[in-house]
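# Examining the three-dimensional arrangement
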Amino acid sequence: MEQPKGVDWTVVILTCQYKDSVQVFQRELEVRQKREQIPAGTLLLAVEDPEKRVGSGGATLNALLVAAEHLSARAGFTVVTSDVLHSAWILILHMGRDFPFDDCGRAFTCLPVENPEAPVEALVCNLDCLLDIMTYRLWRELRDQPLSMAYVSNGSYSYMTSSATEFLHSLALPGAPGAQIVHSQVEEQQLLAAGSSVVSCLLEGPVRLGPGSVLQHCHLRGPIHIGAGCMVSGLDIAHSEALRGWELHDLVLQGHRTRLHGSPGHAFTLVGRLDSWERQGAGTYLNVPWSEFFKRTGVRAWDLWDPDTPPAECCLPSARLFPVLHPSRDLGPQDLLWMLDRQEDGGEALRAWRASWRLSWEQLQPCLDRAATLASRRDLFFRQALHKARHVLEARQDLSLRPLIWAAVREGCPGPLLATLDQVAAGAEDPGVAARALACVADVLGCMAEGRGGLRSGPAANPEWMRPFSYLECGDLAAGVEALAQERDKWLSRPALLVRAARHYEGAGQILIRQAVMSAQHFVSTEPVELPGPGQWVVAECPARVDFSGGWSDTPPLAYELGGAVLGLAVRVDGRRPIGARARRIPEPELWLAVGPRQDEMTVKIVCRCLADLRDYCQPHAPGALLKAAFICAGIVHVHSELQLNEQLLRTFGGGFELHTWSELPHGSGLGTSSILAGTALAALQRAAGRVVGTEALIHAVLHLEQVLTTGGGWQDQVGGLMPGIKVGRSRAQLPLKVEVEEVTVPEGFVQKLNDHLLLVYTGKTRLARNLLQDVLRSWYARLPAVVQNAHSLVQQTEECAEAFRQGSLPLLGQCLTSYWEQKKLMAPGCEPLAVRRMMDVLAPHVHGQSLAGAGGGGFLYLLTKEPQQKEALEAVLAKTEGLGNYSIHLVEVDTQGLSLKLLGTEASTCCPFP
């Protein structure tokens, strides 16, 4: 935030009565400054009142003096000068006299509200609302408003209410349609009545709460019944037993942290919601006149007030009602709840009460341990937060845990959160749940690095982490998670190590994703056919693909956690089907691999004569890794077999194989090259080995191959290129991962019309899909609200885009493309290079819509032009634009064939890359 003009400092001051509270509240202010990232130009101070009964005027003058001292020092003065106050914007909050319903004063009263956009999860107090207004909103909203003064006749101001009824109305809305549950975990929410409020609580078992009632800072275990009009705060699970069997109504029951003669302790107060705090003769206690209270309990006036106390001072604040110490046992709520029941004089409960050291409300206030109170609230907040984290993960909820992670890190307690995430991951039956838990661990480690230590995206191949990785690869999840945690403990000392540890946790998550995606192998099947003759080529050719809607939703884990839907087109580029593979059997018991163009002059040639030559099949950048993985996934070679490679090949096929793959598209084109290439390689190999695989089975086989290769990736590329024409691929939110394809029927003649209006522009930029993929998965696992909403929109818009194709409407399709590109940018920020943005701006007047293909970041841009056959016209437009680089425009048309597979005679094999 920029400071308002003429303002150098924003100063917020809390004035306090008690000296020990000043340090406590100053620490709380510092926590808020760090947690909420309050601007550096904001000064937060807690100041003790100079005298007990100085009043708000004297406290204000003292606060201004303290502010002047601090600002003078920061300005470099050696003496106090009031001039610094002229450039400061100052808010003074008087804690005032004791507030009966919160031990830490009205400023720290927790409100039943939650800020879903807050970067850090935390309770919202009155003070937080004021800080937000003061540091972010007050100037922005009021700077242009004229100010005036008005006199309100017969007006009054309630400085700090002692009315429990008024206070409860500010925390609970009796007419509200449901219960307000804020930063709380409640096992049986249906037991909470409409209009009730639960703030920072952990409720286990049946805890019933009546309308208009409030629970704050409580950890309770049912069965407990709290009726209407109650407020209960500060009770722990140890106090649950005392509440069982009671049905409370119109009462305020509070637990307090105290310090008596230096020793910590607990005290409890119980008052009626309707109590009058006036003198005994006119006041009430527990919602009844004092006389009735005395009659039903056996308590006498001399138990509460000294005989010489003036009648005007015999009132609820001065009544010694509340036990703080018993000679033989710990105190609990039961030491006050007995007063609700009719008792005879001399009853056991009355005798125990009389035997206790008791204090009045006024006497209790100086004994309150506010530091312990705030610490216990923070502890309870994180206890319920750990339950929340476990529930969100195990129930697969689309809620972000990142604000909670930031809260744990900034308040110095990431350890319990890491332990909880470890437990969830180790005990998960679903690999998706375990993978998300490990991703959350990576987030915690990344947050602990506080923006230092380098980028999260990067390699995860340190040898020290290979042992836990090996457990995960073998399916021993519990041992893997434990080994990860043991290794993690060695990497917490500095930011660089934290970031590298985060990378390896993301790498561990990738192992679990691979295992989940490999379930697609359930849908891979082959049929035996006649084995081609030795030397006979099997040639597989495919078009490229263009995605029109839904991309990213096909990417694991979105594909099986959200469910994916992508509309894609199989396309020829400049009239050619640019992707292909050919395979044949050879007499030598070896594997001959060639990667490159159809012509052999630039191909990379690899010969595998033993299993060791295949061991780098899972290293994507190794020469021929995709082809090696294809042999393994096709079942032709078993890389972990005891038989040598030549023995396996001779025994099953009487010789080896030659496999050649090619693509006429540039690397990183965004047109699905790698996945489609894997499909053609598998199809050619299987047929050369005497098997045929259906296209839908081949789609799942490519998913399996890419997991073996460790590149990951979704299913839209192979659906788009292996299947002909215009179609929608879908996967459901479940495992095993299954892809289903529906052809989209368009009006007669629309395909040709589409061909006339569709163009490809190569941007000259190579995209970096792997880094974009890491960012998207990180955001998805964090369940950032914008990303979750956008992912759902991607799936929904796919169905709308399919309908636009069925109508044959180019303008509607253009709108889909424009919206789709915005969705891609939100999903993967950084996918739009500046040169591409400049190109798109220039082309915008000439097109219905446009988008970068695939993940973006570079590669091909595809356009739906307003006029037909615009290649030459757009070339002229781009030629006039500076700074576009090495671009080119290409014709594109819908391919209606998809994967083609044919056998050639041995005489047709004229371009063998091997001698």
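Heads up: the structure comes first, above all this text.
Residues numbered from 1 in each chain as written. Predicted model: local features only at pLDDT ≥ 70, side-chain atom pairs only at ≥ 80, totals over all residues. Heavy atoms only, no water.

### Some details on the overall build of the protein
For clarity, the threshold we go by: In DSSP terms, a helix is any run of H or I states spanning at least four residues, a strand is any run of E spanning at least two, and both are numbered starting from the N terminus. Reported accessibility uses the Shrake-Rupley method at a 1.4 Å probe radius. Residues are deemed covered only where the shown protein chains occlude them. When charges are counted, Lys and Arg are positive and Asp and Glu negative, with His and the chain ends excluded. Note on charges: their place is set at NZ of Lys, CZ of Arg, CG of Asp or CD of Glu.
Along the backbone of the protein there are 29 helices and 35 strands. In terms of its C-alpha atoms, the protein occupies a principal-axis envelope of roughly 125 × 65 × 60 Å. Approximately 39100 Å² of the protein is accessible, and the part contributed by carbon and sulfur atoms is 52%. Side-chain charges in the protein split into 83 positive and 99 negative, and the spacing between the mean points of these groups amounts to 2 Å.

### Side note on the packing of aromatic side chains
Heads up, the rule is: Aromatic contacts are taken between Phe, Tyr and Trp rings whose centres are within 6.5 Å, Trp giving its six-membered ring; a plane angle under 30 degrees counts as stacked, one over 60 as edge-to-face, and the others as tilted. Buried, partly exposed and exposed residues are distinguished by accessible area as a fraction of the type maximum, computed with a 1.4 Å probe on protein chains only: under 20%, between the cut-offs, and over 50%, respectively. Charge-over-ring placement is defined geometrically: NZ (Lys) or CZ (Arg) within 6 Å of the ring centre, and within 35 degrees of the ring normal.
Per the stated rule, a full pass over the model turns up 19 aromatic pairs. For the pair tyrosine 285 and tryptophan 290, a centre-to-centre distance of 5.5 Å together with 15 degrees between the ring planes defines the contact as stacked. Given a relative accessible area of 2%, tryptophan 290 falls into the buried group. An aromatic cluster of at least three residues, connected via ring pairs, comprises Tyr285, Trp290, Phe293, Phe294 and Trp305. Positioned above the aromatic ring of tryptophan 353, the side-chain terminus of arginine 358 is 4.0 Å from the ring centre.

### Some remarks on the layout of surface pockets
Once rolled over the atoms, a probe with the size of a water molecule shows which space is left empty. We count it as follows: Here the term cavity refers to a set of points on a 1 Å grid, laid over the protein atoms alone, in which a 1.4 Å probe fits but cannot get out; the term pocket refers to an open set having protein on both sides within 12 Å along at least five of seven lines, with lining residues being those that place an atom within 4 Å of a point. Grid points are joined across faces, edges and corners, and a volume is the space filled by probe spheres set on the points. In this count, Pro and Cys sit with the nonpolar residues alongside Ala, Val, Leu, Ile, Met, Phe, Trp and Tyr, while Asp, Glu, Lys and Arg are called charged and the others, Gly among them, polar.
Its volume calculated, the second largest pocket comes out at about 1400 Å³. What lines the second largest pocket is a set of 49 residues, and nearest its centre among them are Glu114, Asn115, Pro116, Glu121 and His183. Taken together, the elements giving at least two residues each to the lining of the second largest pocket come down to α3 (126-142), β5 (185-186), β7 (202-204), α11 (370-394), α12 (402-410) and α26 (785-807). At eight residues, the largest contribution of residues to the lining of the second largest pocket is made by α3. Here the residues of the lining of the second largest pocket sort into 24 nonpolar, 11 polar and 14 charged.

### As for the environment of lysine 765
As a reminder of what qualifies: We call two residues in contact whenever any of their non-hydrogen atoms come within 4.5 Å of each other.
Position of lysine 765 relative to the elements: it lies in the loop between β31 (758-762) and α25 (769-781). Since its relative accessible area comes to 36%, lysine 765 is described here as partly exposed. Distance from lysine 765 to glycine 856, taken between C-alpha atoms, is 9.9 Å for residues 91 residues apart in sequence. Those residues in contact with lysine 765 that lie beyond four places of it in its chain are Ala835, Val836, Gly857, Gly858 and Gly859.

### Re the sheet that holds β5
Operational definition: When DSSP finds at least two bridges between two strands, those strands are taken to pair.
If you walk across this open sheet you meet the three strands as β5-β7-β10, and the pairing is parallel. Because the sheet does not close on itself, it has two edges, and the strands there are β5 and β10 (219-221). As defined by bridge partners, β7 adjoins β10 across three bridges and the pair is classed as parallel. Each bridged residue has a counterpart across the sheet, and for leucine 202 the counterpart in β10 is histidine 219.

### Quick notes on unusual backbone geometry
With omega at 10 degrees, the peptide bond leading from glycine 222 into proline 223 counts as cis. Tracing the sequence through the fold places proline 223 in the loop between β10 and β11 (224-226). Cis geometry marks the peptide bond from proline 556 to proline 557, where omega comes out at 5 degrees. Looking at where proline 557 falls in the secondary structure, it is placed in the loop between β22 (544-549) and α18 (558-563).

### Focus: the nonpolar core
Worth spelling out the cut-off: Only buried residues count toward a nonpolar core, which is a set of Ala, Val, Leu, Ile, Met, Phe, Trp, Tyr and Cys residues joined through side-chain atoms within 4.5 Å.
With 185 residues, the main nonpolar core has Phe548 and Phe805 as its most contacted residues. Here phenylalanine 805 is in contact with Phe548, Leu567, Leu569, Ile726, Val744, Val746, Pro747, Phe750, Leu754 and Leu813, once residues within four sequence places are set aside. Counting residues in hydrophobic clusters, the runner-up holds 55 residues, among them Leu192, Leu203, Trp277 and Phe293.

### Description of the pattern of salt bridges
Condition: Any carboxyl oxygen of Asp or Glu within 4 Å of a side-chain nitrogen of Lys or Arg constitutes a salt bridge here.
Following the criterion strictly, the structure yields 48 salt bridges and no others. The partner of aspartate 895 in a salt bridge is arginine 577, and the shortest N-O contact between them spans 2.8 Å. Of this pair, aspartate 895 sits in the loop between β34 (888-894) and β35 (900-903) while arginine 577 is found in the loop between β23 (564-573) and β24 (579-586), placing the two residues 318 residues apart along the sequence. Comparing aspartate 895 with arginine 577, the two get one shared label, buried. Measuring nitrogen to oxygen at the nearest pair gives 3.2 Å for the salt bridge that ties lysine 825 to glutamate 822. You can see lysine 825 and its partner glutamate 822 sitting in helix α27 (residues 810-827), three residues apart, about one turn around the helix. Judged by its relative accessible area of 44%, glutamate 822 falls in the partly exposed class. A single salt-bridge network, built from bridges that share partners, covers Arg402, Asp443, Arg456, Glu506, Asp775 and Arg778.

### Details of the pairing of strand β15 (residues 263-272)
With 10 bridges joining them, strand β14 (residues 251-260) and β15 adopt antiparallel strand pairing. Pairing of threonine 258 across the sheet is with glycine 265, part of β15. In this structure, the hairpin formed by β14 and β15 is closed by a connection of two residues, where histidine 261 is found at a positive phi of approximately 50 degrees.

### Points about the sheet that holds β15
Defined as follows: Axis geometry follows a simple rule: fit a line to the C-alpha atoms, using only the stretch in contact for helices, then measure angles between N-to-C directions, giving values from 0 to 180 degrees.
On the basis of which strands lie adjacent, the open sheet formed by six strands has the order β4-β6-β9-β12-β14-β15 and mixed pairing. Looking at the sheet topology across the chains shown, the edges are occupied by β4 (180-182) and β15. For this sheet, the mean angle separating the axes of adjacent strands, direction not counted, is 10 degrees. Relative to β14, strand β12 (residues 231-233) runs parallel, the two being bridged by three bridges. In the strand pairing of β14, methionine 231 is matched with valine 252.

### Comments concerning empty space enclosed by the protein
Counted by the stated rule, this structure contains three cavities of 30 Å³ or more. There is about 200 Å³ of room inside the largest cavity. Around the largest cavity, the lining is made up of 14 residues, and of these Glu28, Arg32, Arg35, Leu123 and Arg378 lie nearest the centre. Where the lining of the largest cavity is concerned, the elements lending two or more residues are α1 (19-35) and α11. Ranked by residues supplied to the lining of the largest cavity, first place goes to α11 with four residues.

### Regarding helix α17 (residues 495-517)
Which entries qualify depends on this criterion: In a helix, the anticipated span is given by 1.5 Å times the number of residues less one.
Between its first and last C-alpha atoms α17 spans 33 Å; for 23 residues at 1.5 Å apiece the expected length is 33 Å, and the two agree. For α17, the buried fraction is high: 18 of the 23 residues fall into the buried class.

### Some details on the pairing of strand β2 (residues 42-48)
To keep it simple, the criterion reads: By convention, orient the strands away from the viewer: a clockwise path from the first strand over the helix to the second makes the crossover right-handed.
For β2, the tally of buried residues reaches six of seven residues, placing the bulk of the element in the interior. Pairing geometry for strand β1 (residues 9-16) and β2, over seven bridges, is parallel. Residue pairing for β2: threonine 10 is matched across the bridge by threonine 42. With α1 bridging β1 and the parallel β2, this β-α-β connection has right-handed handedness.

### A look at the side chain of threonine 373
Along the chain, threonine 373 falls in helix α11. When sequence neighbours within four positions are dropped, the list of residues in contact with threonine 373 reads Asp103, Cys104 and Arg257.

### Side note on the packing of helix α15 (residues 466-473) against α17
Rule in force here: Here the angle decides the label: under 35 degrees means roughly parallel, over 145 means roughly antiparallel, 65 to 115 means roughly perpendicular, and every other value means oblique. By convention, the crossing between two helices is left-handed when the near helix turns anticlockwise from the far helix through less than a right angle, and right-handed when the turn is clockwise.
One can describe the packing of α15 onto α17 by two numbers: an axis separation of 10 Å at closest approach and a directional angle of 15 degrees. The pairing of α15 with α17 is recorded here as roughly parallel in orientation. The chirality of how α15 crosses α17 is right-handed. Of the residues in α17, those touching α15 at Phe469, Leu472 and Glu473 are His504, Gly507, Ala508, Ile511, Leu512, Arg514 and Gln515. Broken down by class, the residue content of the contact of α15 with α17 amounts to five nonpolar, three polar and two charged.

### Some thoughts on the state of the cysteines
Rules: Disulfides are defined as pairs of cysteine sulfur atoms found within 2.5 Å of each other.
Overall, the coordinates contain zero disulfides when judged by the stated rule. Of all cysteine sulfurs in the structure, the one in cysteine 440 sits closest to cysteine 447, which takes part in no disulfide; the separation is 10 Å.

### Some remarks on the packing of helix α21 (residues 673-688) against helix α22 (residues 695-709)
At a minimum axis separation of 9 Å, α21 and α22 run at an interaxial angle of 110 degrees. As summarised for this structure, α21 and α22 are arranged roughly perpendicular, according to the angle between their axes. In the crossing of α21 with α22, the sense of the turn from one axis to the other is right-handed. Of the residues in α22, those touching α21 at Ser674, Ser675, Ala678, Gly679, Leu682 and Ala683 are Leu698, Ala701, Val702, Leu705 and Glu706. Classifying every residue of the contact of α21 with α22 gives seven nonpolar, three polar and one charged.

### A few points about α26
Taking 1.5 Å per residue as the helical rise, α26 with its 23 residues ought to reach 33 Å, and the 33 Å between its terminal C-alpha atoms agrees with that figure. Positive phi shows up at glycine 808, right after α26, with a value of about 70 degrees.

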